[in-house]
Amino acid sequence: TWEGYNGTQWTGLGGGNPWSTHTSDGSTSLTVAANDRYFIDTTAGAQTVILPASPQTGDQVSLLDLAGTFDTNNLTIDRNSLKINGATANLVLDVEDAAIQLVYTGATYGWKLTNNN
């Protein structure tokens, strides 16, 4: 894949890093980086994704319910002390086949949904 340096780190060009699959029994969490894209499989248990601690404005993260099991085994998006949609609470995805994209807008509103399917 093509990458570019954003002044802090190397990231994928053209929409983000390549898609990766994450499967866990819920005993470990996944810490994502700027422009990461993950298929999340919660078949074996609920999972937690931790957003980047020091994102830059415009950084994005995409997550998709691979097995259609978020309604049975939720995905918690840990805000990592930053806001999500202006709120100081984690986001829980509990809808089967959900797919979301978040973009970091700055300290006031934090991570905002740009795509919510």
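Check the entry above for the structure.
Residues numbered from 1 in each chain as written. Predicted model: local features only at pLDDT ≥ 70, side-chain atom pairs only at ≥ 80, totals over all residues. Heavy atoms only, no water.

Right, let's get into the environment of Val 103. For Val 103, the position within the fold is in strand S10 (residues 99-104). C-alpha of Val 103 to C-alpha of Trp 19: the two residues are 84 residues apart in sequence and 17 Å apart in space. Leave out the neighbours within four places in its chain, and Val 103 touches Gly 58, Asp 59, Gln 60, Gly 110, Trp 111, Lys 112 and Thr 114. (Helix = DSSP H or I, 4+ residues; strand = E, 2+ residues; numbered from the N terminus. Contact = heavy atoms within 4.5 Å.)

So, on to the side chain of Thr 69. Mapped onto the elements of the fold, Thr 69 is located in the loop between strand S7 (60-65) and strand S8 (75-78). By relative accessible area, Thr 69 is classed as buried at 15%. Leaving out residues up to four positions away in the same chain, Thr 69 has contacts with Thr 42 and Thr 43. (Buried < 20%, exposed > 50% of the residue type's maximum accessible area, 1.4 Å probe, protein only.)

Here we take up the sheet that holds S10. Where strands meet in a sheet, backbone hydrogen bonds hold them as pairs that are either parallel or antiparallel. Strand order in the open sheet made by the five strands is S3-S5-S7-S10-S11, with mixed pairing throughout. The sheet is open, and its two edges are formed by strand S3 (19-23) and strand S11 (111-116), each paired on a single side. Taking each pair of neighbouring strands and ignoring which way they run, the sheet shows an average axis angle of 25 degrees. As defined by bridge partners, S7 adjoins S10 across five bridges and the pair is classed as antiparallel. (Pairing = 2+ DSSP bridges. Axes fitted to C-alpha atoms, helices over the stretch in contact; angles between N-to-C directions.)

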